[in-house]
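# An overview of the molecular structure
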Amino acid sequence: MWPDLKRSRVGAGRFRGLRCLHTHLAGESLTQDDLADLALLRLDLMAAIDVRSDGLPGLVRAAHLLPVDAASRDADKEQNGMWVFLEPCAPSQLDTDFLDLIESLEEELARARHIRSQTDNRDRAILVSVTTDSASVAEESIEELSELARSAGVVVLDRIIQRRPKLDPRSLVGRGKLDEIIIRSLQLGVDVIVFDQNLSPAQARAINEATDLKIIDRTQLILDIFAQRAQSREGKIQVELAQLKYMLPRLTGSGTEMSRLMGGIGGRGPGETKLEVDRRRVRDRIHHLERQIEQIRTSRRVQRTRRERRDVPVISIVGYTNAGKSTLLNALTASSVTAEDRMFATLDPTSRRLRLPRDREVIINDTVGFIRDLPPDLITAFRATLEEMEGSDLLLHLADASSPQLEGHIASVEKILEDLGLASIPRLLVFNKIDLLSEDELSGLRSANDAVAVSALDRSTLVRLVERTGDMLTLAMAEKNTPVGRERAEQTIDAR
Ligand SMILES: Nc1nc2c(ncn2[C@@H]2O[C@H](COP(=O)(O)OP(=O)(O)OP(=O)(O)O)[C@@H](O)[C@H]2O)c(=O)[nH]1
Ligand SMILES: [Mg+2]
């Protein structure tokens, strides 16, 4: 049994300062367990001395870890690059100066770290997805996770997919696999292990006990992106609330363990000092934030009523994250809202005025992007923002037609709209990014759906969209007023 080694020297770019010396009775070489301990505990050295049948010492077999530098890391994806075996020899012939050896290895380790921290201080991660489904489902899912990681500013060094008949309730992946993942992480020098599946508080705890590395799950990664993007006071309140709610049930330990749970990426959790207080203070903070959000909701409701009274129709562009919503808003209104090739670029939605044909003025909203399995805490926290969509007269559901996951994205968005009680608002499906499609793909898309196809990067493709939007709006507004109004509107449109 290993005694509790505490966290001494861990993370300092050094080995543990301990050598493990033990005996083997059957003359076997270092076992897989020996090597796993060497790696997991970051020991200086693991040595086994054979005990001969006459009781005298036989050969000494020893191994130590090898600092892996960036160059050899990619070239050598196998695990055997991790440790080095010393030539087995009799104890009397051991003439290695271990102190010397370890010191030079540590120097190399420190140098590698130094180089990397000077050139790139982004967090480096391994992504892990555990699935009971087919490998292709997991493959798609981990692809999206890696997009999320990239958007969070994390460098992905490796992806591991594990298929098992059922998820392990204790550690999700099972103990053996977990060791393998941790060793792989140490070998690559990663800072974070990101799980594609959400970890229960108990699983997060069990995994955290097994390693000193930072562990986060998909929800935390999404929360982290939101935390990075939040600009407005309102956005910040909403993100902090979501983070606190997610973390509250996970707050059990104290000290280092807790700050590790709280850390987020690059330490951007909801303020570590704020959190190194007890659960009661966290709960107080949650109540405080919830009250603030209530106030925001009330004042927004007032604004909305005022707007409705002025009778300016409202259109919201909704859709999966990165579909091109902000780009479309820019194209329609000649604005310059931030649009980037990363997920959740928009967190604080913008409204713009748009003049439709026949001089009709409308308000058009950009909105926060949706994603499959949006964390419930996030939905609750962002209610004030999401409610903005409630007052819309028309939703433009923008979908990235160039994505291989198009169908899945559309279904996710429709489900979320349903959950938010927005399914009854008239909705127009708009396919975006058609500039990336071939002629065949495009005509397939057109014939299969009663939808408009555009490229938000090319304003000339927007004519049809503006027309359809105007028509649907006319219908929607007429319906809002009287059935007769609707009939008349329909006739006008038909006549045209
Ligand atoms: N090729 C092509 N790229 C597009 C088109 N529309 C948008 N993009 C690109 O898609 C990326 C995402 O666009 P955004 O407008 O930020 O997407 P969004 O839906 O607002 O995304 P979030 O705010 O992150 O949810 C950007 O890199 C855009 O340049 C298009 O029609 N064609
Ligand atoms: Mg956007």
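Up top is the structure these notes are about.
For clarity, every value in this text was computed on a predicted model and none was experimentally measured.

Turning to the sheet that holds strand β14 (residues 452-453), a few remarks are in order. Taken in spatial order, the six strands make up an open sheet running β10-β11-β9-β12-β13-β14, and their pairing is mixed. The sheet is open, and its two borders are formed by β10 (351-356) and β14, each paired with just one other strand. Relative to strand β12 (residues 394-400), strand β9 (residues 314-319) runs parallel, the two being bridged by five bridges. By the bridge assignment for β12, S316 is matched with L395. Its contacts with the sheet put helix α15 (residues 406-419) on β9, β12 and β13 (427-432), and the angle it makes with β12 is roughly 155°.

Another point: unusual backbone geometry. Positive phi, normally seen in glycine, also occurs at R42, with a value near 50°. Mapped onto the secondary structure, R42 falls in the loop between α1 (32-40) and β2 (45-51). When its relative accessible area of 18% is taken as the criterion, R42 is described as buried.

As a matter of local geometry, ligand 1 sits amid 23 residues, with K325, T327, A345, T346 and D435 nearest to it. At 3.0 Å, a backbone N or O of N322 approaches an oxygen atom of ligand 1. Between an oxygen atom of ligand 1 and a main-chain N or O atom of D341, the distance comes to 3.2 Å. The fraction of the free accessible surface of ligand 1 (650 Å²) that becomes covered by protein chains is 90%. Residue contributions to the shell around ligand 1 peak at three residues, all from helix α12 (residues 325-333). Across the shell around ligand 1, the residue classes break down as eight nonpolar, nine polar and six charged.

Here we take up the packing of helix α4 (residues 135-151) against helix α7 (residues 218-229). The interhelical angle for the contact between α4 and α7, taken along N-to-C directions, is 30°, at an axis separation of 9 Å. When the axis of α4 is compared with that of α7, the two are roughly parallel. Viewed along their axes, α4 and α7 form a crossing whose handedness is left-handed. In contact with E144, L145, L148, A149 and S151 of α4, α7 contributes R218, L221, I222, I225, Q228 and R229.

We now examine the coordination of the magnesium ion (ligand 2). Distances from the magnesium ion (ligand 2) to its protein donors, S326 (OG) and T346 (OG1), fall within 1.9 to 2.1 Å. Taken as a pair, S326 in helix α12 and T346 in the loop between α12 and β10 lie far apart in primary sequence, 20 residues in all. Considered together, S326 and T346 belong to a single accessibility category, that of buried residues.

In this section: the layout of surface pockets. Of the pockets and cavities examined, the second largest pocket occupies roughly 530 Å³. What lines the second largest pocket is a set of 21 residues, and nearest its centre among them are E144, Y320, S403, Q405 and H409. Secondary structure elements with two or more residues in the lining of the second largest pocket: α4 and α15. Looking at the lining of the second largest pocket element by element, the count peaks at six residues for α4. Residue composition of the lining of the second largest pocket, grouped by class: five nonpolar, eight polar and eight charged.

Let us now look at empty space enclosed by the protein. Applying the stated rule across the entire model yields six cavities of 30 Å³ or more. Considered as a void within the structure, the largest cavity measures approximately 70 Å³ in volume. Grouping the constituent residues of the lining of the largest cavity by class yields eight nonpolar, one polar and no charged.

Next up on the list: α15. Look at α15: 20 Å from first C-alpha to last across 14 residues, which is about the 20 Å you get at 1.5 Å a residue. Restricting attention to buried positions, one finds in α15 the residues L406, H409, I410, S412, V413, I416 and L417. Summarising the axial view, the buried residues of α15 lie within an arc of 160°, below the 170-degree limit, and thus occupy one face. Structural note: α15 exposes E407, K415 and E418 on the side pointing more than 90 degrees away from its buried face. G421 lies just past α15 and shows a positive phi near 70°.

Pairing is mixed across the open sheet formed by four strands, whose spatial order is β1-β2-β3-β4. Where the open sheet ends on each side, the last strands, each with one partner, are β1 (19-24) and β4 (83-85). Averaged over all adjacent pairs, the angle separating strand axes in this sheet is 20°, with direction ignored. For strand β3 (residues 57-65) and β4, the ladder comprises three bridges, and the chain directions are antiparallel. When the sheet's bridge partners are listed, L65 is paired in β4 with W83.

Calculation criteria
- Residues numbered from 1 in each chain as written.
- Chains lettered and ligands numbered in written order.
- Predicted model: local features only at pLDDT ≥ 70, side-chain atom pairs only at ≥ 80, totals over all residues.
- Heavy atoms only, no water.
- Pairing = 2+ DSSP bridges.
- Helix = DSSP H or I, 4+ residues; strand = E, 2+ residues; numbered from the N terminus.
- Contact = heavy atoms within 4.5 Å.
- Axes fitted to C-alpha atoms, helices over the stretch in contact; angles between N-to-C directions.
- Buried < 20%, exposed > 50% of the residue type's maximum accessible area, 1.4 Å probe, protein only.
- Near = heavy atom within 4 Å.
- Polar contact = N/O pair within 3.5 Å; in protein donor to acceptor, adjacent residues only side chain to side chain.
- Areas by Shrake-Rupley, 256 points an atom, 1.4 Å probe, with all protein chains shown as cover.
- Nonpolar A, V, L, I, M, F, W, Y, C, P; charged D, E, K, R; others polar.
- Parallel < 35°, antiparallel > 145°, perpendicular 65-115°, else oblique.
- Left-handed = near helix turned anticlockwise from the far one by under 90°.
- Donors = N, O, S within 2.8 Å, 3.2 Å for Na, K, Ca; no water.
- 1 Å grid on protein atoms, 1.4 Å probe; cavity = no way out; pocket = protein on both sides within 12 Å on 5 of 7 lines; lining within 4 Å.
- Points joined across faces, edges and corners; volume = space filled by probe spheres on them.
- Expected span 1.5 Å × (residues − 1).
- Arc of directions from axis to C-beta.

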